[in-house]
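In case you want the letters, here they are:
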Amino acid sequence: MSYDKVEVPDDGEQITLADEETGELNVPENPIVPIIHGDGIGTDVGPAAQRVLDAAAEATGRSIAWMRVYAGSAAREKYDENLPEDTVSAIRDHRVAIKGPLTTPVGAGFRSLNVALRQTLDMYANVRPTYHLDGVPSPVKNPEAMDMITFRENTEDVYAGVEWEAGTGGAEQVREFLEDDMEIADIIHDGPVGIGVKPISEFGSKRLIREAIDYAIANDRDTVTLVHKGNIMKFTEGAFRDWGYEVAEEEYGDDVLTEDELWDEHDGEQPDDTVVVNDRIADNMLQQLLTRTDEYEVIATMNLNGDYMSDAAGAQIGGLGIAPGVNYGHGRALAEPVHGSAPKYAGENKVNPTAMILSGREMLDYLGWSDAADLVRDAVEETISSGKVTYDLHRQIEGGEKLATSEFADAVVEKIETLS
C-alpha cells in the first residue's frame, strides 16, 4: 500500500483481520500503529505517550512501529486540508491507531474533526473507562468506588442530528410540516424557533449494546445499565431501552438476565457467571453516580447521555486530564484522550499526559497485550502516588515533585523498567 505523504515503517508488520464475522485481529509482535499527535497540547502529550507505550511494549518482548499521520493544524500545513485521505486510509488499513486532541477550525467543513474520523471509519462505540488512580486528588470522599466503563453510541443521536436555525426557511418549512401535515399543534411557541431532529436506530442501538454486554461477559462485570430518557422521549430513547432488553433476552441465553428475570426467577440472587441488564433514567443516573457509585460497572447509552455520564464520572476520579477513551468499530480501534486541545498551553511542556498514556493502555489491551496494558496502568499509578506529578496535580497536593510533561513520561518509563 502507498500513501501520498506518509511513509509506511519498514520495521513493522500490518495488523490484519483474522475473522470477518467476529472482528478478531491477527496482531504481530511488531505492529504498525498510526498516530496523530493532535492539535494544541497534542504536540506535548503525543510524544510523551509514545515513549511510555514503547517502554511497555519492549518490557513485554514486543515493539510498536509508529506511523505518523496527520489531522487538524498539522494536516493543514502538510496537505492544506484538515482530514486528508492518507490519514483515513492509514487507520482503515492498519486497524488500530491512537490520536491526541483535535480542534476543528471555524469554516472547516466539519462539525467536528473527532466526529468526522469516528463516523468515516464507523467507530460506533465511544468507550470511556473511569477508575481512580491512587494519589490523584478527587472532590469526593471515596473515589476508589468508581470503576465503571461507559459505552457511548458514536454515530447517531446528536452526532447525526439535523438542525434548522430559527428564522430560516428550513425551520419554517419543518414547522409547517409538523403543524399542518402531522397535525401536531399547540406545542411550538409563536415567533422564531430552532428545530432539531435526532435519529436513534435499532441497528445502531443494538450493536452498541452488544459491545457493552460482550465486554461485561469477557471482563467478569456483573451489570450493564441502559441509560436513557425514555420516560419523555419514548420512541427514541425509550426505543433504545427496549432494543437493549431485546438483545439481552434474545441473543445471550442464560449468560444474561434482565433485572425482572433476576427477581422473578432468582429472588434477586445473581447466579455466578451471569450479567444482569437493567436500566436507569438519565437524570437519576447522574445522581446515582454519586450516591451509589459502586453499584454501576458498565453503562450503555446514546451519544449525548454518554457525554454527560462519562464527564460526570471523570470528575469523581480527578478530572478529564486523566480520563482515557477509545473508539471501537468492527475489528478497529482508535484510542484518544477525553480532554480537549488547550491551545494556550501548547508547546509549554507542562500539561498532564496521563489521559493520552492511559488511552494508549486501552489500545494495548485491544491488541491483546494485557500484560503491557497492566504495566502502563501500574507504572502511572505508582509514579503519581509517589508524588511525581505535573503542575495540575502538584498544586492540589503537598510535598510533591512538579514535573514537566516529558519528565513525567520519563518517570513512568523508569517505573515500567522497575516493575518489569
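None of these values were measured; they are calculated from a predicted model.

## Quick notes on the overall build of the protein
Moving on, step 1. Helices and strands together make up the secondary structure of the protein, namely 14 helices and 17 strands.
Moving on, step 2. A compact globule built from 420 residues would reach a C-alpha radius of gyration of about 22 Å, and the protein, at 22 Å, matches this within 12%.
Moving on, step 3. With respect to the principal axes defined by its C-alpha atoms, the protein has extents near 65 × 60 × 50 Å.
Moving on, step 4. Taken across its 420 residues, the protein has 53% of its residues classed as buried.
Moving on, step 5. Sequence-distant contacts, at least 24 apart, represent 73% of the contacts inside the protein between residues at least 6 apart.

## A few points about helix H11 (residues 354-366)
Moving on, step 1. The terminal C-alpha atoms of H11, which comprises 13 residues, lie 18 Å apart, in line with the 18 Å expected from a rise of 1.5 Å per residue.
Moving on, step 2. With respect to burial, H11 is a largely interior element, eleven of its 13 residues being buried.
Moving on, step 3. Inspection of H11 places Thr354, Ala355, Met356, Ile357, Leu358, Ser359, Gly360, Arg361, Glu362, Met363 and Leu364 among the buried residues, and these make up the whole buried set.
Moving on, step 4. With its phi angle positive at about 90°, glycine 368 sits one or two positions after the end of H11.

## Topic: the side chain of histidine 228
Moving on, step 1. Structurally, the position occupied by histidine 228 is in strand E10 (residues 223-228).
Moving on, step 2. A polar contact of 2.7 Å, which involves the side chain of histidine 228, links it to the side chain of aspartate 279.
Moving on, step 3. Apart from the residues lying within four places of it in its own chain, the contact partners of histidine 228 are Glu237, Arg241, Asp279, Arg280, Ile281, Ala282, Met302 and Asn305.

## Section: the UniProt feature "modified residue: Phosphoserine" (unreviewed entry) in the protein
Moving on, step 1. UniProt annotation of "modified residue: Phosphoserine" (unreviewed entry) refers to Ser112 when read in the numbering used here.
Moving on, step 2. In this fold, serine 112 is placed in the loop between strand E5 (96-99) and helix H4 (113-120).

## What to know about the sheet that holds strand E12 (residues 275-281)
Moving on, step 1. If you trace the eleven strands from one edge of the open sheet to the other, you get E4-E3-E5-E15-E14-E6-E7-E13-E10-E12-E11, paired in mixed fashion. Bordering the open sheet on either side are strand E4 (65-68) and strand E11 (256-258), each of which pairs with just one other strand. Averaged over neighbouring strand pairs, the angle between their axes works out to 25° when direction is ignored.
Moving on, step 2. In the sheet, strand E14 (residues 326-329) pairs with strand E15 (residues 332-335) via four bridges, with the strands oriented antiparallel. Within the sheet, the bridge partner assigned to asparagine 327 lies in E15 and is leucine 334.

## Details of the pattern of salt bridges
Moving on, step 1. What the rule picks out here adds up to 24 salt bridges.
Moving on, step 2. A salt bridge links aspartate 307 to arginine 152, with the nearest nitrogen and oxygen atoms 3.6 Å apart. Residue aspartate 307 is found in helix H10 (residues 303-316), and its partner arginine 152 is found in strand E7 (residues 147-153); the two are separated by 155 residues along the sequence.
Moving on, step 3. The class for arginine 152 is buried, based on a relative accessible area of 2%.
Moving on, step 4. Close ionic contact of glutamate 237 with lysine 198 constitutes a salt bridge, the shortest N to O distance being 2.6 Å. Linking glutamate 237 in helix H7 (residues 237-251) with lysine 198 in the loop between strand E9 (195-197) and helix H6 (202-218), this pair joins segments that are 39 residues apart in sequence.

## Some thoughts on the packing of helix H9 (residues 282-291) against H10
Moving on, step 1. One can describe the packing of H9 onto H10 by two numbers: an axis separation of 10 Å at closest approach and a directional angle of 15°. Classified by the interaxial angle, the pair formed by H9 and H10 is roughly parallel. Two packed elements cross with a definite hand, and for H9 against H10 that hand is right-handed. Side by side, H9 and H10 meet where Ala282, Met285, Leu286, Leu289 and Leu290 of the first sit next to Asn305, Tyr308, Met309, Ala312, Ala313 and Gln316 of the second.
Moving on, step 2. Each residue belonging to the contact of H9 with H10 can be placed in one class, and the counts come to nine nonpolar, two polar and no charged.

## Things to note about the environment of aspartate 410
Moving on, step 1. Along the chain, the position of aspartate 410 falls in helix H14 (residues 405-419).
Moving on, step 2. Separated by 3.4 Å, the side chains of aspartate 410 and arginine 51 make a polar contact.

## Quick word on the nonpolar core
Moving on, step 1. Ile64, Ile213, Val224, Met363, Leu364 and Val376 are the most contacted members of the largest nonpolar core, which totals 86 residues.
Moving on, step 2. Residue contributions to this core peak at eight residues, all from helix H1 (residues 42-59).
Moving on, step 3. Once residues lying within four places of it in the same chain are set aside, the contact partners of valine 224 are Ala212, Ile213, Ala216, Val275, Val276, Val277, Asn278, Val298 and Ala300.
Moving on, step 4. Among the nonpolar cores identified, the runner-up in size contains 23 residues, and Tyr3, Ala65, Ile91 and Met123 belong to it.

## Examining the packing of H1 against H11
Moving on, step 1. Direction vectors running N to C along H1 and H11 enclose 40°, while the axes themselves pass 9 Å from each other. Of the possible angle classes, the one that applies to H1 and H11 is oblique. Seen from above, H1 lies across H11 with right-handed handedness. Across from Val45, Gly46, Ala49, Val52, Leu53 and Ala56 in H1, the residues of H11 making contact are Met356, Ile357, Gly360, Arg361, Met363 and Leu364.
Moving on, step 2. When the residues that make up the contact of H1 with H11 are grouped by side-chain class, the tally is nine nonpolar, two polar and one charged.

## Quick look at unusual backbone geometry
Negative phi is the rule for most residues except glycine; trans is the rule for most peptide bonds.
Moving on, step 1. For aspartate 273, which is not glycine, the phi torsion reads 60° and is therefore positive.
Moving on, step 2. Tracing the backbone through its elements, the reader meets aspartate 273 in the loop between helix H8 (259-266) and E12.
Moving on, step 3. Of the residues examined, aspartate 273 reaches a relative accessible area of 72% and is grouped as exposed.
Moving on, step 4. Phi angles above zero are rare outside glycine, and asparagine 349 is one such case at about 55°.
Moving on, step 5. Here asparagine 349 is to be found in the loop between E15 and H11.

## Remarks on the UniProt feature "binding site: D-threo-isocitrate" (unreviewed entry) in the protein
Moving on, step 1. In the UniProt entry, the feature "binding site: D-threo-isocitrate" (unreviewed entry) is given for Ser112, Asn114, Arg118, Arg128 and Arg152.
Moving on, step 2. The topology assignment puts asparagine 114 in helix H4.
Moving on, step 3. In contact with asparagine 114, other than residues within four places in its own chain, are Lys99, Leu102 and Glu336.
Moving on, step 4. By the secondary structure assignment, arginine 128 is in strand E6 (residues 125-131).
Moving on, step 5. Arginine 128 has contacts with Met148, Ile149, Thr150, Arg152, Asp307, Ser310, Asp311, Pro324 and Val338, leaving out every residue within four places of it along the chain.

Conventions adopted
Residues numbered from 1 in each chain as written. Predicted model: local features only at pLDDT ≥ 70, side-chain atom pairs only at ≥ 80, totals over all residues. Heavy atoms only, no water. Helix = DSSP H or I, 4+ residues; strand = E, 2+ residues; numbered from the N terminus. Rg over C-alpha atoms; globule rule 2.2 N^0.38 Å. Buried < 20%, exposed > 50% of the residue type's maximum accessible area, 1.4 Å probe, protein only. Contact = heavy atoms within 4.5 Å. Expected span 1.5 Å × (residues − 1). Polar contact = N/O pair within 3.5 Å; in protein donor to acceptor, adjacent residues only side chain to side chain. UniProt positions renumbered as here; feature names shortened; annotations may be inferred. Pairing = 2+ DSSP bridges. Axes fitted to C-alpha atoms, helices over the stretch in contact; angles between N-to-C directions. Salt bridge = Lys/Arg side-chain N within 4 Å of Asp/Glu carboxyl O. Parallel < 35°, antiparallel > 145°, perpendicular 65-115°, else oblique. Left-handed = near helix turned anticlockwise from the far one by under 90°. Nonpolar A, V, L, I, M, F, W, Y, C, P; charged D, E, K, R; others polar. Core = buried A, V, L, I, M, F, W, Y, C linked by side-chain atoms within 4.5 Å.

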